[in-house]
Amino acid sequence: MKLSTPLTLPCGVTLKNRFAKSAMSENMASSGHLGNPKFATLYRRWSNGGAGLLITGNIMVDSSALGEPHNIVFEKGLEQQGIKSWTGAGRENETHLWAQLNHPGKQSPKFLSPTPVAPSAVALKAPLDKIFNKPRELREDEILAIIARFGIAAAIAKDHGFTGVQIHGAHGYLVSQFLSPHHNRREDRWGGSLENRMRFACEVYKSIRENVGADFPVGIKLNSADFQKGGFSEEDSMEVVKELSALGMDLIEISGGNYESQEMMGKPKKESTKKREAYFLEYCEKVRKVTDTPLMLTGGFRTLDGMNEALATDSCDVIGLGRSLVINPEFPKQLLAGESVKSEVQQLTTGFKSLDKNFPLEITWYTQQIHRMGQGKDPDPKQSVLASVLHTLFSMGIQGLKRVRS
Ligand SMILES: Cc1cc2nc3c(=O)[nH]c(=O)nc-3n(C[C@H](O)[C@H](O)[C@H](O)COP(=O)(O)O)c2cc1C
């Protein structure tokens, strides 16, 4: 079974099999964006679960630009704690543990960023404008400083025992904002042509590579497209893949969408496409033709047949799993042992249509399961979705209040 075969990356490092846990924000840092023992408890569970690669939830490169209040931050001058026990636990059983590095750009909520930054001053569309303020355009010196921050954060990750890093270049965060002609309206060397729009992603890669050396894995999570009128297209994405491959990227993870168009979490499918469970498989097949760089495909994998099919046709080299590994952290191990198991991921509902439509249920419910595991408990697939929404609204309210007061 190809799922159990090792994969050697361009930098020379070998992953023990083809399962990867994709990044899922833990939002679990201690005050000051510091690590704590819950991360070790959580990642020990996953490193015992059989995947060859674990990618952390997004770690921010700037404490003044957060996606969520309890993100871990790696930046100069911030002395971290508890990270080595986390990396020790996540590396058990010869598992690779990579840090996902991110800057949210405009996708930083109002209560965290009164004026977020972005390539251009383009606000997120309604109803998201109620949650996120209109950003201001970054100056050239600020762009260069953020690029340097990615390099510094990667060096911190390496020093603390992570075995690789991944740039978050997908889902509408800063790298992805630069790539998109809708979000990036600049007329200088960072905007306009695709060559200019991809300059930020390329410079972030180079800054990281300079800091970690040639034999340390560096990957990126990239959108197949933004699924937005005037946004980043499949054609653009394929050109970016070619360029990043030429620069020496070790693993390119394919996803898609952003906060305005949440394709990364899946959309109801047409009957004709239902058989292909992975959301971005068709795009991955196209990309395969333009690059030899290892490809990881994430989103929608639920069955052994679906995974085997994607690997057998060489559409991708690594199977990325998110929510399935929250409900069942031992899923890869069980599949490799030949057990007949299937992902239990299902459509979540609160029972209230408008709440389901307007609230990020998937994030809040799964984050609570992640927190359970961080406390050493089993996930609870029966946990009420409505209760998780109320819990999140309550804690966001408290956070917002704290920020206003401080
Ligand atoms: C709670 C939660 C948090 C997430 N956080 C991140 C993140 O920090 N970085 C990222 O690249 N993707 C993040 N994702 C998206 C997942 O990595 C993945 O792309 C998505 O869940 C689709 O895969 P799946 O169908 O296997 O769940 C998150 C998903 C969930 C459910």
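This is a predicted model, so every value here is computed, not measured.

### Side note on the overall build of the protein chain
- A tally of regular secondary structure across the protein chain gives 14 helices and 12 strands.
- Taken along the three principal axes of its C-alpha coordinates, the protein chain extends 55 × 45 × 45 Å.
- A burial count over the protein chain gives 58% of its 406 residues as buried.
- Long-range contacts, defined as pairs at least 24 residues apart, comprise 69% of the intrachain contacts of the protein chain with a sequence gap of at least 6.
- Where the 50 positive side-chain charges of the protein chain centre and where its 45 negative ones centre are 5 Å apart.

### Overview of the pattern of salt bridges
- Applying the stated rule across the entire model yields 20 salt bridges.
- A salt bridge links R149 to D62; the shortest N-O distance between them is 3.7 Å. Here R149 is found in helix α3 (residues 140-159), whereas its partner D62 is found in the loop between β4 (53-60) and α2 (83-90), with 87 residues between them in sequence.
- Assessed through its relative accessible area of 27%, R149 is described here as partly exposed.
- Salt bridges linked by common partners bring R136, R139, D141 and E142 together as one network.

### Remarks on the site of the ligand
- With respect to spatial proximity, 22 residues lie near the ligand, and among them A23, S25, Q100, G322 and R323 are the closest.
- At 2.6 Å, a backbone N or O of A23 approaches an oxygen atom of the ligand.
- The contact in question runs from an oxygen atom of the ligand to an N or O atom on the backbone of N58, over 3.1 Å.
- For the ligand, the accessible surface in isolation is 620 Å², of which the surrounding protein chains cover 97%.
- Class assignment for the residues of the shell around the ligand results in 8 nonpolar, 11 polar and 3 charged.
- When we break the shell around the ligand down by domain, the ones giving at least three residues each are domain 1 (2-345) and domain 2 (347-406).

### Here's the deal with the domain arrangement of the protein chain
- Taken domain by domain, the protein chain consists of domain 1 (2-345) and domain 2 (347-406).
- Relative placement of domain 1 and domain 2: their C-alpha centres are 22 Å apart.
- On the side of domain 2, 20 residues touch domain 1, which itself brings 24 residues to the contact.
- Both sides together, the interface formed by domain 1 and domain 2 hides about 1,900 Å², and carbon and sulfur atoms give 69% of it.
- On inspection of domain 1 and its partner domain 2, the count reaches 2 salt bridges.
- Residues E362 and R323 are paired through a salt bridge, measuring 3.0 Å at the closest nitrogen-oxygen approach.

### Focus: the nonpolar core
- W46, F74, L101, F200 and I208 are the most contacted members of the largest nonpolar core, which has 89 residues in total.
- The biggest single contributor to this core is α3, with 8 residues.
- The two domains that each donate at least three residues to this core are domain 1 (2-345) and domain 2 (347-406).
- Formed by 13 residues, the second largest nonpolar core is a distinct cluster that contains L7, A23, L53 and M296.

### Focus on helix α13 (residues 361-374)
- Under the 1.5 Å per step criterion, the end-to-end length of α13 is 20 Å for 14 residues, consistent within 8% with the ideal 20 Å.
- Within α13, 11 of the 14 residues are buried, leaving the element largely enclosed by the surrounding structure.

### Focus: the packing of aromatic side chains
- A full pass over the atoms with the stated rule returns 12 aromatic pairs.
- Taken together, a centroid distance of 4.3 Å and an interplanar angle of 15 degrees make the contact between F178 and F200 stacked. In this pair, F178 sits in helix α4 (residues 174-179) while F200 sits in helix α6 (residues 199-212), placing the two residues 22 residues apart along the sequence.
- Relative accessible area serves as the criterion here: at 0%, F200 is assigned to the buried category.
- Ring geometry for Y279 versus F280: centroids 6.1 Å apart, planes at 90 degrees, classification edge-to-face.
- The class of Y279 is partly exposed, set by a relative accessible area of 24%.
- The class of F280 is buried, set by a relative accessible area of 4%.
- When the ring centre of W46 is taken as origin, the NZ or CZ atom of K21, which lies over that ring, is 4.8 Å away.

### Some remarks on unusual backbone geometry
- Put simply, A126 and P127 share a cis peptide bond, and its omega is 5 degrees.
- Mapping P127 onto the fold places it in the loop between β6 (117-118) and β7 (136-137).
- In this structure, H33 is a non-glycine residue whose phi angle is positive, near 65 degrees.
- Mapped onto the elements of the fold, H33 is located in the loop between β3 (19-21) and α1 (37-47).
- Looking at H33, the relative accessible area reads 12%, which means it is buried.
- One non-glycine residue, H171, lies in positive phi territory at about 55 degrees.

Conventions we followed
Residues numbered from 1 in each chain as written. Predicted model: local features only at pLDDT ≥ 70, side-chain atom pairs only at ≥ 80, totals over all residues. Heavy atoms only, no water. Helix = DSSP H or I, 4+ residues; strand = E, 2+ residues; numbered from the N terminus. Buried < 20%, exposed > 50% of the residue type's maximum accessible area, 1.4 Å probe, protein only. Contact = heavy atoms within 4.5 Å. Lys, Arg positive; Asp, Glu negative; His and termini not counted. Charge placed at Lys NZ, Arg CZ, Asp CG, Glu CD. Salt bridge = Lys/Arg side-chain N within 4 Å of Asp/Glu carboxyl O. Near = heavy atom within 4 Å. Polar contact = N/O pair within 3.5 Å; in protein donor to acceptor, adjacent residues only side chain to side chain. Areas by Shrake-Rupley, 256 points an atom, 1.4 Å probe, with all protein chains shown as cover. Nonpolar A, V, L, I, M, F, W, Y, C, P; charged D, E, K, R; others polar. Domains from an automatic or database assignment. Buried area = accessible area lost by both parts, 1.4 Å probe. Core = buried A, V, L, I, M, F, W, Y, C linked by side-chain atoms within 4.5 Å. Expected span 1.5 Å × (residues − 1). Phe/Tyr/Trp six-rings, centres within 6.5 Å; stacked < 30°, edge-to-face > 60°. Lys NZ or Arg CZ within 6 Å of the ring centre and 35° of its normal.

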